[in-house]
Amino acid sequence: MRKISAALSLSIATLATGFLLGACGDSSTPNGTATNGSTATPAASTTTSSAKGLKIGSLLPTTGDLASVGQQMLGSVPLLVDTVNACGGVNGEPVTLVQVDDQTDPKAGAAGMTKLATLDKVAGVVGSFASSVSSAAVSIATPNKVMLVSPGSTSPVFTDKAQKGDYKGFWARTAPPDTYQALALAQLARKKGFKRVSTVVINNDYGVGFEKAFVQTFEKLGGTIVNKDKPVRYDPKAQTFDTEAAAAFAGKPDAVLAVLYAETGSLFLKAAYQQGVAKGVQILLTDGVKSPTFPEQVGKGSDGKYILTGAIGTVPGSDGKALEAFNKLWKDKKGGAPGEYAPQAWDAAALLTLAAQAAKENTGVGIASKIREVADGPGTEVTDVCEGLKLLKDGKKINYQGASGNVDVDANGDVVGVYDVWTVGDDGTIKVIDKVTPK
């Protein structure tokens, strides 16, 4: 992707600063350690140009702490746009896509969202993935009347703020909030017989929100959180983790819930191994680190075995009626199979286009007014986006059934999902071994 000019990046970063301070100031992150204070420049590219048609953006991490997961979903949005344009576009015109790398950084995400909203004048955006980045971005999207649909920001903070009316309907997500994933993982931990669990989380909306939900659920199920009074929350910009590793594994827990991002998480788990504190303790992981490269990032021990062998985790799964067709399209166009959150990103982009067609206008206000109707309305069930667009053009109502799930977006912008249970094998490969639905 090409870089935007230095002058443009400076003006964007300056414009975004006011928004960013507001976004971070009321974040659930206790110490507000979301950025390193440097000026970040989002990379951007544009495809499929149209002056009059619907313009959407993507704000996803191709670099930074979540790059290994972000790159797996990156191809979904242009694939959706190409599919839609091949069957006539939206409201009679082709769809334009502007792609921005948020660098897994709230500051870069705020700058990128400001560019998309004020310079590119997009109507909707697929993004972001990191909850901390989406928190910064949605504070800019809302006043600019841009519909933001995240394929992976799972913090419960968004539900709370949506209930208060903070987003005015300009927020939704196609991945379920961590209140559900935490419930699923807590149930899994108790099912496996773990009674005493410690927690360590990245200190941002995602980590702290997950921690809170897991602790509440695990205790209700009769479990004990060993370090409840002294939770371990690490700085997203940290480079060493000896102190955090020692604290997280203290007190002889049966298992340690580690809510991490891949880059920093690999350093934490290495530190725990090198100190010898992880021996005999089950590692519980989440969606933030589920990528094929993560076991290699953590590395091997002195015995030649992968440090992560035997670790188990959860990740929002995909069981939608459109999943088979999506997988086939991906294989035909790109080869292989789509990665984590690719179905959620496809569905996020699909909802933007379908809602614009339902509103018969290419604006954020129009999309926001119709997105819940096309996602969970009383109309004809459709799994094919082109079929849905045709029915809407003819004045019919639809109920889109996605690749990730039924994407029944509620009043808070939330969906309920199913979770894959995964583990790391002796050879370092990640395998899905079960599915769990929170109850």
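From a predicted model like this one, the values you see are computed outputs, not experimental measurements.

Here is what the cut-offs are and how they apply
- Residues numbered from 1 in each chain as written.
- Predicted model: local features only at pLDDT ≥ 70, side-chain atom pairs only at ≥ 80, totals over all residues.
- Heavy atoms only, no water.
- Disulfide = S-S within 2.5 Å.
- Helix = DSSP H or I, 4+ residues; strand = E, 2+ residues; numbered from the N terminus.
- Salt bridge = Lys/Arg side-chain N within 4 Å of Asp/Glu carboxyl O.
- Buried < 20%, exposed > 50% of the residue type's maximum accessible area, 1.4 Å probe, protein only.
- Core = buried A, V, L, I, M, F, W, Y, C linked by side-chain atoms within 4.5 Å.
- Contact = heavy atoms within 4.5 Å.
- Pairing = 2+ DSSP bridges.
- Right-handed = clockwise from strand over helix to strand, strands pointing away.
- Axes fitted to C-alpha atoms, helices over the stretch in contact; angles between N-to-C directions.
- Parallel < 35°, antiparallel > 145°, perpendicular 65-115°, else oblique.
- Nonpolar A, V, L, I, M, F, W, Y, C, P; charged D, E, K, R; others polar.

1. A short note on the state of the cysteines
Tallied over the full model, the rule gives one disulfide. The partner cysteine of Cys 87 in its disulfide is Cys 386, sulfur to sulfur 2.1 Å. Torsion about the S-S bond of the Cys 87 and Cys 386 cystine: about -85°, corresponding to left-handed handedness. Of this pair, Cys 87 sits in the loop between helix H3 (76–86) and strand S3 (96–101) while Cys 386 sits in helix H15 (residues 385–393), and the two are 299 residues apart along the sequence.

2. Examining the pattern of salt bridges
Pairs may arise between side chains of opposite charge once their charged atoms sit close together. Summed over the entire model, instances satisfying the criterion amount to 13 salt bridges. The residue Lys 290 makes a salt bridge to Glu 340 at a minimum N-O spacing of 2.2 Å. Note that Lys 290 is positioned in the loop between strand S11 (282–285) and helix H11 (294–298) and Glu 340 in the loop between helix H12 (323–334) and helix H13 (342–359), a separation of 50 residues in sequence. Comparing Lys 290 with Glu 340 shows no difference in burial state: the two are buried. Its salt-bridge partner being Asp 420, residue Lys 435 comes within 2.5 Å of it at the nearest N-O pair.

3. With respect to unusual backbone geometry
With an omega of -10°, the peptide bond between Gly 127 and Ser 128 qualifies as cis. Position of Ser 128 relative to the elements: it lies in the loop between strand S4 (124–127) and helix H5 (131–141). Of note in the backbone geometry, Lys 121 takes a positive phi value of approximately 55° without being a glycine. Along the polypeptide, Lys 121 turns up in the loop between helix H4 (106–119) and S4. The residue Lys 168 is not glycine, and still its phi comes out positive at about 55°. Along the chain, Lys 168 turns up in the loop between helix H6 (157–163) and strand S6 (171–173).

4. Here we look at the nonpolar core
Among the nonpolar cores identified, the biggest contains 65 residues, and Phe 214, Phe 249, Phe 268, Leu 269 and Leu 285 are the most heavily contacted of them. Leave out the neighbours within four places in its chain, and Phe 268 touches Val 200, Phe 241, Glu 244, Ala 245, Ala 248, Phe 249 and Leu 260. The next biggest cluster of nonpolar side chains, apart from the first, holds 47 residues, and it includes Val 90, Met 147, Leu 323 and Ile 398.

5. Remarks on the pairing of strand S5 (residues 147–150)
Look at any regular strand and the pattern is simple: side chains alternate between the two faces of the sheet. The alternating pattern of S5 places Met 147 and Val 149 on one face and Leu 148 and Ser 150 on the opposite face, and all of these are buried. Sheet analysis places S4 next to S5, joined by three bridges and oriented parallel. Across the sheet, the residue bridging to Gly 124 is Met 147, located in S5. Relative to S6, S5 runs parallel, the two being bridged by three bridges. The partner of Val 149 across the bridge, within S6, is Ala 172. Since S5 and S6 lie parallel, the crossover through H6 that links them has a hand, and here it is right-handed.

6. Section: the packing of H12 against H13
The N-to-C vectors of H12 and H13 enclose an angle of 100°; their axes lie 11 Å apart at closest approach. When the axis of H12 is compared with that of H13, the two are roughly perpendicular. Residues Leu 323, Phe 326, Leu 329 and Trp 330 of H12 form the contact with H13, whose own contacting residues are Ala 342, Pro 343 and Trp 346. Of the residues that constitute the contact of H12 with H13, the class distribution is seven nonpolar, no polar and no charged.

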